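Architecture and fold: a report
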Amino acid sequence: MDTTMQGVYVDIPQGDVTFFKELMNKMGWKYETKESLVQSYVESRPANVDLSDDDVLEELYAVRYCKDENNH
């Protein structure tokens, strides 16, 4: 039996949510909403990041434009 998990997004009618949650519980699947995923991410982020505005801009230019801020 393959136990590799894959995340999927499913739109279902509001009236079927309770049934779908029950089915997921019986199957041992995990239920999360988009909102709960975002909340988990926000809660897990570092509280204090030691980056200056210049550090952020340098990273932005390097990733987005493939160059550093001195070459734009």
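Within any chain, residue numbers begin from 1 and follow the written order of that chain's sequence. Totals for whole chains, interfaces and linings use every residue, but because this is a predicted model, local features are given only for residues with pLDDT of at least 70 and side-chain atom pairs only at 80 or more, for both listing and counting. Just so you know, side-chain values use all the structure's heavy atoms and leave hydrogens and water out.

Details of a negative patch on the surface
The test is simple: Patch membership is restricted to residues that have no salt bridge and whose relative accessible area is over 30%. Joining uses 9 Å for like charges and 5 Å for the nonpolar side chains Val, Leu, Ile, Met, Phe, Trp and Tyr. Only the protein chains shown count as cover for residues, and the accessible areas themselves come from Shrake-Rupley with a 1.4 Å probe. Between Lys or Arg on one side and Asp or Glu on the other, a salt bridge is scored when a side-chain nitrogen of the former is within 4 Å of a carboxyl oxygen of the latter. Neither His nor the chain ends contribute to the count of charged residues, in which Lys and Arg are positive and Asp and Glu negative. Charge positions come from single atoms, namely NZ of Lys, CZ of Arg, CG of Asp or CD of Glu. Residue exposure (1.4 Å probe, protein chains only): buried if accessible area is under 20% of the type maximum, exposed if over 50%, otherwise partly exposed.
Judged by side-chain charge, D50, D53, D54, D55, E58 and E59 come together as a negatively charged surface patch. Under the relative-accessibility criterion, D55 is labelled partly exposed at 35%.

Structural notes on a nonpolar patch on the surface
Selection rule: Helix numbering and strand numbering both begin at the N terminus, where a helix is a DSSP run of H or I of at least 4 residues and a strand a DSSP run of E of at least 2.
Judged by side-chain polarity, M5, F19, L23, M27 and W29 come together as a nonpolar surface patch covering roughly 570 Å² of accessible area. Within the secondary structure, W29 sits in the loop between α1 (17-27) and α2 (34-44). The exposure class of W29 is partly exposed, given its relative accessible area of 42%.

Things to note about helix α3 (residues 53-64)
Going by this rule: Here the expected span of a helix is defined as 1.5 Å times the quantity of residues minus one.
Spanning 12 residues, α3 covers 16 Å between terminal C-alpha atoms, matching the ideal 16 Å at 1.5 Å per step. Downstream of α3 by one or two residues, C66 has phi in the positive range, about 55°.

A closer look at the layout of surface pockets
If a probe the size of a water molecule is rolled over the atoms, the empty space left behind becomes visible. The criterion, for reference: Every definition here rests on a 1 Å grid over the protein atoms only: cavities are sets of points where a 1.4 Å probe fits but cannot get out, pockets are open sets enclosed by protein on both sides within 12 Å along at least five of seven lines, and lining residues have some atom within 4 Å of a point. Grid points are joined across faces, edges and corners, and a volume is the space filled by probe spheres set on the points. Any residue outside Ala, Val, Leu, Ile, Met, Phe, Trp, Tyr, Cys, Pro, Asp, Glu, Lys and Arg is labelled polar, Gly included; the first ten of those are nonpolar and the last four are charged.
Computed from the structure, the largest pocket encloses a volume of approximately 850 Å³. V8, V10, M24, K30 and E32 are, among the 23 residues lining the largest pocket, the residues nearest its centre. For the lining of the largest pocket, the per-class residue count stands at 12 nonpolar, six polar and five charged.

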